[in-house]
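# Coordinate inspection notes
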Amino acid sequence: METVACNLCGYTSFRPVYQVKDTNYGQAGTFSLVTCERCGLVYLNPRPTTQEIGNYYPADQYHPFRALQKTQAIKPSDMQQKRADKISQLVNNHEKRPILDVGCGSGLFLLAMEQRGWEVFGVEPSDHASNFARTTLNLPVLTGDIFAAQPGTTFDVITFWDVLEHTHSPRAVLQEAHRLLNPNGLLAINVPNWASWERKIFRDKWIAIDAPRHLYHFSPSTLSQLLQSCGFSVMEMRSQTPVMNPASNLLRALGALARSAKHTKNKGQSTSQRATPTISPSPIKRWFIRATDIILSIPNLIANAVGQGGSITVYARKSDK
Ligand SMILES: [Zn+2]
C-alpha cells in the first residue's frame, strides 16, 4: 500500500469521506476514500501499489471479462454502437483515421469503430481480455496501459471508457494521451459521477465505489479542471444514468437489509457481505431493471440535466499548451 498526494493539485492534506470494502468481489481489506482539502478531488488513500493492484482483479470473476465468456453473440453493445456513431460524427472524413482505445477490454468498441472504417488500435492490461481481442476478433491490441502504445504512432482519437478512475495517475495518463494525439485530436472519456444523486443516496454502498479498483472519483468540476491542466479544451460534458445502475443499487440495498435481518435472527453466524454483480440478469431482475428505468425516467432526465446523472461523458479537443 502507498500514500499519495492529490493528483489534481498536488496538495497533501485530505479528509476522510467513507471507509469502504470490496463489496463487488468480497476481497479482504478496508479502504479509505478521502477528499483533497484544496480542490475536492476524491481518491483512495492509502491504496494498493501498481504491483499490488492486479490482486484485486480476479480474472475469472471480473465482470467485463466474465460477461464476455457468457456472451453468445460477440457483438458491440448498443452503448458501444452509440459511442462509435458519435465519434464518427465528430470527425470528418474518418476513413482509415487512427483511433486508440485505452483499456479496450475484449475489443468490442474497437470492433464497432473498425466496422465504420477507422484504423483501430487498443491497449489493455488484462492478458485474458487482450488475448481475446487479438485472437478472436483479430484486432491490433497490445497488453499493457497507454504507455505500451506502439512507439511512433499518433492518433486522431483516443478513448477511455470507464478506465481513467482505475489508473494510478490520471494526470500522467492524460498527459500521455495529449502527447499521442495529433493536433486538434479528439479525447473521449466516461467515468462514474461522484456528484450523482445515486452516490448521494447510496453513499458508501454506491455501486461505482468499486474499491479498491476505482482509485479516483471525479465530479464534472474536478474532471474539467484536470482536462484543462493537461492541455485539453472540453467541447461537451454530459451526465447520464446507465440503465442498470439505479436498479443494481436498489437491489443491493434490499439485499443488505435482508442480510442484516437474517443476521439479527441468527446472531453469531457469519453471513456473506458479498454481492457478486449479475451479468446475465434473471427474468425477474430484467423486469426490475426495466420497471426502475421507467419509474425513474423523469427524475433521471432532471438529474442528467443538472449534472447529477450516474456517469460523466466528456468529449475534449487537444489544445495548444
Ligand atoms: Zn487537490
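Just so you know, these numbers come straight off a predicted model, no measurement behind them.

The next subject is the overall build of the protein. Along its length, the protein carries 10 helices and 11 strands. Of all 321 residues assigned to the protein, the portion counted as buried reaches 50%. Contacts spanning at least 24 positions in sequence make up 73% of the contacts within the protein whose residues lie at least 6 apart. For the protein, the accessible area works out to roughly 15600 Å², and carbon and sulfur atoms hold 53% of it.

Look at helix α9 (residues 283-295) against helix α10 (residues 297-305): their axes get within 4 Å of each other, and the N-to-C directions meet at 60°. With respect to their mutual orientation, α9 and α10 come out oblique. In this structure, α9 contributes Asp 293, Ile 294 and Ile 295 to the contact, and α10 contributes Ser 297, Pro 299 and Asn 300.

With distances of 2.3 Å, the protein atoms coordinating the zinc ion are Cys 6 (SG), Cys 9 (SG), Cys 36 (SG) and Cys 39 (SG). Around the zinc ion, the four donor atoms are arranged such that angles at the metal cover 99 to 117°; this shape is classified as tetrahedral. The motif formed by the donor residues of the zinc ion, counted along the single chain, is C-x2-C-x26-C-x2-C. Note that Cys 6 is positioned in the segment before β1 (14-21) and Cys 36 in strand β2 (residues 30-36), a separation of 30 residues in sequence. Judged by its relative accessible area of 4%, Cys 6 is buried.

Here we come to the side chain of Gln 80. Take Gln 80: it is sitting in helix α2 (residues 78-90). At a separation of 2.7 Å, a polar atom in the side chain of Gln 80 contacts the main-chain amide nitrogen of Ser 77. Beyond its immediate sequence surroundings of up to four residues, Gln 80 is in contact with Leu 108, Phe 109 and Ala 112.

Our next topic: helix α7 (residues 220-229). Where α7 is concerned, the buried positions are Thr 222, Leu 223, Leu 226 and Leu 227. The arc that holds every buried residue of α7, seen down its axis, measures 130°, which confines them to one face. Lining the buried residues of α7 we find α5 (170-180), β8 (181-192), β10 (232-240) and β11 (311-318). Directly after α7, the chain includes Gly 231, whose backbone phi takes a positive value near 90°.

Glancing now at the environment of Ser 297. Along the chain, Ser 297 falls in helix α10. Measuring from C-alpha to C-alpha, the distance between Ser 297 and Thr 241 comes to 9.6 Å, with 56 residues separating the pair along the chain.

Our focus in this paragraph is the pairing of β2. Looking down a regular strand, the side chains alternate between one sheet face and the other. Burial runs high along β2: six of the seven residues are buried. Examined bridge by bridge, β1 and β2 share seven bridges and lie antiparallel to one another. The residue bridging Pro 16 from the neighbouring strand is Val 34, located in β2. Inspection of the sheet shows β2 paired to strand β3 (residues 42-44) by three bridges, in the antiparallel sense. Bridging across to β3, Val 34 finds its partner in Tyr 43.

On to the environment of Gly 40, then. Mapping Gly 40 onto the fold places it in the loop between β2 and β3. Taking relative accessible area as the criterion, Gly 40 reaches 33% and is therefore assigned partly exposed. Note: C-alpha distance between Gly 40 and Phe 14 (26 residues apart in sequence) is 8.8 Å. Setting aside chain neighbours within four positions, we find Gly 40 in contact with Thr 35 and Thr 222.

Parameters and conventions
Residues numbered from 1 in each chain as written. Predicted model: local features only at pLDDT ≥ 70, side-chain atom pairs only at ≥ 80, totals over all residues. Heavy atoms only, no water. Helix = DSSP H or I, 4+ residues; strand = E, 2+ residues; numbered from the N terminus. Buried < 20%, exposed > 50% of the residue type's maximum accessible area, 1.4 Å probe, protein only. Contact = heavy atoms within 4.5 Å. Areas by Shrake-Rupley, 256 points an atom, 1.4 Å probe, with all protein chains shown as cover. Axes fitted to C-alpha atoms, helices over the stretch in contact; angles between N-to-C directions. Parallel < 35°, antiparallel > 145°, perpendicular 65-115°, else oblique. Donors = N, O, S within 2.8 Å, 3.2 Å for Na, K, Ca; no water. Tetrahedral: all angles 85-135°; square planar, octahedral: opposite > 155°, others 65-115°. Polar contact = N/O pair within 3.5 Å; in protein donor to acceptor, adjacent residues only side chain to side chain. Arc of directions from axis to C-beta. Pairing = 2+ DSSP bridges.

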